[in-house]
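Structural description and commentary
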Amino acid sequence: MLPRSCVLLLAAFSFAEPRRRNVLLIIADDAGFETEVYNNSVVHTPHLRALAQRSLLFRNAFTSVSSCSPSRSAILTGLPQHQNGMYGLHQGVHHFNSFEGVQSLPLLLSQAGVRTGIIGKKHVGPGSVYPFDFSYTEENASVLQVGRNITRIKLLVRKFLQTHKRETDAGRSRVPGGSEDRPFFLYVAFHDPHRCGHSQPQYGAFCEKFGNGETGMGRIPDWKPVHYTPEQVKVPPFVPDTPAARADLAAQYTTVSRLDQGIGLVLEELREAGYENDTLIIYSSDNGIPFPNGRTNLYHSGIAEPMLVSSPEHRERWGDSSQAFVSLLDITPTILDWFSVPYPVYHLPGSPSAVLLTGRSLLPALVAEPTNWLTVFSSQSLHEVTMYYPIRSILQGAYHLLQNLHYRMPFPIDQDFYVSPTFQDLLNRTRSRQPTHWFKSLDQYYYRERWELYDTRSDPLEVRNLASDASYRAVLEDLRQRLQKWQWQTGDPWVCGPDYVLEEKLTPECRPLYNSL
């Protein structure tokens, strides 16, 4: 017979409540490194700074695609855009959607009993693939109100958490003495600091005037606007250093400050509701900033992202930083791992192979620095429906390889970037043959080689293409093979490039076109 103390110990373990686990995913819109946590001392971001002190900060985080809807679909599925079907923007005439059979993160979590919520910019579809139990997005509200009005966002977060708590209490009352704590996944997708000069020009280039209390601008009660002068800003090395660009960046900084204050409000609601010590918090952005060489590009400046991961169960590396190469494709595996939800075995229509996640859980990195996380892949097909310019890339350590499949055509420009003060100034300076104060010419930006290979250690701006350098032939071939292997693994319809056609009815293979490419 067991001693009484052992019986009591076993009973304690048998009836101990399982640890509550929740997730708060915060995604900014077109945000970069204009924050204090990434050494920009000009922009005031105290709330992100406080979050960083409770997080592991990743210095080599990258998006898998530099476009809004495709990136958000990749975040919520763990699949690159060419695999999940969201080749371009979802809204309006662009009308791209993920494939009906895709098993998305909110779908899998809902099936596992996790309550799901989204507040802000959704920008993906169809609804059957991306279902949420609680939803306030551009589909049923103004994106300005649910994505930039931080008071409205605060109240919606409060509503979600209060509703969740009521449901939990009701579940406990149904099971006396038991625990029916249903976990939650809340996705807060801010619309700041996206440009708005093309759609709501009355609010400024970045909607920096929206809600500032001036006549006709409305007022966001919880927002204390912070203004910056063009002279204060730190111009990123890939952006022209001109008065127009500096004024543009100053406006962006104001909306970054609003984003930061909004994040502070969201985290305060989490604390007040008593969930801070049960919740995994992830902060990142969807793609590069909307400046030259940024968003819609797969250059380093277009895919590099901020990323903070805060786990109440993994405090060993709070306040630390990681050099590991991580991807937004890792978000879905991380959250599934946190909830112990397995990824299902399934096939997408037309694919003979089962769908596999090529990302990884980030939870091990919260305990110890990974030694071999050195590779990330990116895949771009379109942005707006007219912007067909497929690019594939692999970044492994210092070497970055890009393949521009449509390289004989000029690189396309999207609408909101085209009307931006920075790009209009660049156009005008180019046309009038004035100095652009940019590291490349507009012609070089438009017309690119099919293969681009860069050593980012010695060439961080990716100016000197090494693809034709014989001394880098082995590096080029190795990266090409790794990139193509990933394309086959992820069912990339563009795997054969412009000079072959994919024949997949029998044995999938690339068949030559003999088109001189």
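To be clear, the structure that these remarks concern was listed above.
Residues numbered from 1 in each chain as written. Predicted model: local features only at pLDDT ≥ 70, side-chain atom pairs only at ≥ 80, totals over all residues. Heavy atoms only, no water.

Quick notes on unusual backbone geometry
In this chain, Gly125 is followed by Pro126 through a cis amide linkage whose omega measures 0°. Residue placement: Pro126 occurs in the loop between strand 3 (115-120) and strand 4 (134-137). Cis geometry is found at the peptide bond from Asp192 to Pro193, where omega equals -5°. Along the chain, the position of Pro193 falls in the loop between strand 5 (184-189) and helix 8 (243-272). (Helix = DSSP H or I, 4+ residues; strand = E, 2+ residues; numbered from the N terminus.)

Side note on the packing of aromatic side chains
Counted according to the given criterion, the structure contains 23 aromatic pairs. With 4.9 Å between their ring centres and 75° between their planes, Phe33 and Tyr38 make a pair best called edge-to-face. Residue Phe33 is classed as partly exposed on the basis of its relative accessible area of 28%. Judged by centre distance (4.8 Å) and plane angle (5°), the rings of Phe377 and Trp486 are stacked. Taken together, the positions of Phe377 in strand 9 (residues 375-380) and Trp486 in helix 14 (residues 473-489) put the pair 109 residues apart, joining distant regions of the chain. Given a relative accessible area of 18%, Phe377 falls into the buried group. Chaining the aromatic ring pairs together yields one cluster made of Phe134, Tyr136, Phe160, Phe184 and Tyr275. In this structure, Arg448 packs its charged tip against the face of Phe411, placed 3.7 Å from the ring centre. If you follow Arg457 out to its NZ or CZ, it ends over the ring of Tyr399, 5.7 Å from the centre. (Phe/Tyr/Trp six-rings, centres within 6.5 Å; stacked < 30°, edge-to-face > 60°. Buried < 20%, exposed > 50% of the residue type's maximum accessible area, 1.4 Å probe, protein only. Lys NZ or Arg CZ within 6 Å of the ring centre and 35° of its normal.)

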